[in-house]
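Structure assessment
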Amino acid sequence: MNKRLSGLLTMSVCLFAGSAMASNANAVEAKTSIMTLSKDNASHIDRVLGELTRQHDSASSLVKSARQPTSLALNSSLLASDTSQLSNDEDVLERLTAVASNSVSKFKQTGLASWYGRKFHGRKTASGDTFDMNALTAAHRSLPLNCYVKVTNKTNGKTVVVKVNDRGPFSGNRVLDLSYGAAKQLGMTAKGVGNVAIERVSGP
């Protein structure tokens, strides 16, 4: 082999060796970069998890309870005030009902009373009863149906207790419409109307 060929061969071997070393160095560098990237990602994930944990720990008790699957609306502290308000409203309603009931139980009224009889005998009253002209009943505009009132004829002092089972009277300035039977006991049938006093009572 001549010197020229030997030199070319030696140069080729050196170039190949250098290329191989460079490739190996690149591979080592790439591996190092991948490992560094993995460490960075892991560190980033740790930071995110740490921040979420910190936010949860510093959250208010209301937010924490809302995150629990067993926390329902009824356990919310926001509804506690609403429930308290509802309870207060119920108390007010009970007091108003008691006052209204007490007012009705002490009901008194004076005015003209009329009576109705044969024309309406056998018809249904507002309470669902069948009107009996001879029974002791009456019609009133606002008193509770099926309550009782004592009616006094202010002219002669006669009294009768009647059951309010109908609505009326709806003409003139009269305050009560009596059955024929009740008007008869009060001595009102002849005149048709009479000046009366009405007082709520518990029963006949």
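See above for the structure.
First, a word on scope: everything that follows refers to the structure included in this document. (Residues numbered from 1 in each chain as written. Predicted model: local features only at pLDDT ≥ 70, side-chain atom pairs only at ≥ 80, totals over all residues. Heavy atoms only, no water.)

1. Details of the overall build of the protein chain
Let me state the cut-off plainly: Working definition: helices are DSSP H or I runs of at least four residues, strands are E runs of at least two. Numbering for both runs from the N terminus. Accessible area is worked out with a 1.4 Å probe on protein chains only. A residue is then buried under 20% of its type maximum, exposed over 50%, and partly exposed in between. What sets the accessible areas is the Shrake-Rupley method with a 1.4 Å probe; for residues, cover comes only from the shown protein chains.
For the protein chain, the count of helices and strands is four helices and six strands. Ordering the α and β elements of the protein chain from the N terminus gives α-α-α-β-β-β-β-β-α-β. Across the 204 residues that make up the protein chain, the buried fraction comes to 20%. A total accessible area of about 14200 Å² is found for the protein chain, and carbon and sulfur atoms account for 58% of it.

2. Notes on the nonpolar core
Nonpolar side chains in soluble globular proteins tend to be buried together. To be explicit about the condition: Buried Ala, Val, Leu, Ile, Met, Phe, Trp, Tyr and Cys residues that are joined via side-chain atoms within 4.5 Å together make up what is termed a nonpolar core. Contacts are assigned to residue pairs that have any heavy atoms within 4.5 Å of one another.
Membership of the largest hydrophobic core comes to 19 residues, with the highest contact counts inside it found for Val149, Val151, Val162, Leu176, Leu178, Met188 and Ile198. At the level of elements, β3 (148-153), β4 (159-166), β5 (174-179), α4 (180-185) and β6 (193-201) are the ones that each hand at least two residues to this core. In this structure Ile198 touches Phe107, Lys108, Gln109, Val149, Lys150, Val175 and Leu176, once residues within four positions along its chain are discounted.

3. Digging into the side chain of Asp166
Selection rule: Any N or O atom pair separated by 3.5 Å or less is treated as a polar contact, with the protein-specific requirement of one donor-capable and one acceptor-capable atom, and with residues adjacent in sequence counted only for side-chain atom pairs.
Examined against the element boundaries, Asp166 turns out to sit in strand β4. Engagement of the side chain of Asp166 in a polar contact is seen with the backbone nitrogen of Ala126, the distance being 3.0 Å. Those residues in contact with Asp166, other than ones at most four positions away along the chain, are Tyr116, Thr125, Ala126, Ala138, Ala139, His140 and Leu145.

4. Some remarks on the sheet that holds β4
What counts is decided by this rule: Pairing between strands is defined by DSSP: at least two bridges between them are needed. Note on method: axes are straight lines fitted to C-alpha atoms, helices fitted across the in-contact stretch only, with angles between N-to-C directions ranging 0 to 180 degrees.
Strand order in the closed barrel made by the six strands is β1-β5-β2-β4-β3-β6, with mixed pairing throughout. Averaged over all adjacent pairs, the angle separating strand axes in this sheet is 45°, with direction ignored. Where β3 and β6 come together, six bridges link them in antiparallel fashion. Bridged to Val151 within β6 is Ile198.

5. Notes on the environment of Val201
Relative to the helices and strands, Val201 is located in strand β6. C-alpha of Val201 to C-alpha of Tyr148: the two residues are 53 residues apart in sequence and 5.6 Å apart in space. Among all residues touching Val201, those that are not within four sequence positions of it are Tyr148, Val149, Lys150 and Val161.

6. Here we look at unusual backbone geometry
The omega torsion of the bond from Gly168 to Pro169 falls at -10°, within 30 degrees of zero and hence cis. Note on placement: Pro169 falls in the loop between β4 and β5. Phi is positive for Asn146, which is not a glycine, with a value near 75°.

7. Quick notes on the environment of Arg141
Tracing the backbone through its elements, the reader meets Arg141 in the loop between β2 (137-139) and β3. On the basis of relative accessible area, Arg141 is assigned to the partly exposed category, the value being 39%. In this structure, Arg141 is in contact with Arg167, Gly168, Pro169, Phe170, Gly172, Arg174 and Val175, ignoring residues within four places of it in sequence. One polar contact links the side chain of Arg141 to the main-chain carbonyl oxygen of Pro169, over a distance of 2.8 Å. For Arg141, the side chain forms a polar contact with the main-chain oxygen of Arg174, separated by 3.0 Å.

8. Description of the side chain of Asn165
Secondary-structure assignment places Asn165 in strand β4. When near neighbours in sequence (up to four residues on either side) are disregarded, Asn165 contacts Thr125, Ala126, Ser127, Asp129, Thr137, Ala138, Leu145 and Asn146.

9. Quick look at the packing of aromatic side chains
Quick note on the threshold: Stacked, edge-to-face and tilted are the three classes for Phe, Tyr and Trp ring pairs, Trp counted by its six-membered ring, which pair at centre distances within 6.5 Å; planes under 30 degrees apart are stacked, over 60 edge-to-face, the rest tilted.
One pass over the structure, following the stated rule, counts three aromatic pairs. Taking 4.5 Å as the distance between ring centres and 5° as the angle between the ring planes, the aromatic pair formed by Tyr116 and Phe131 counts as stacked. Within this pair, whereas Tyr116 is found in strand β1 (residues 108-116), its partner Phe131 is found in the loop between β1 and β2, the two being separated by 15 residues in sequence. For the pair shown, Tyr116 and Phe131 are each scored as buried. Joined through ring pairs, the aromatic side chains of Tyr116, Phe120 and Phe131 make up one cluster.

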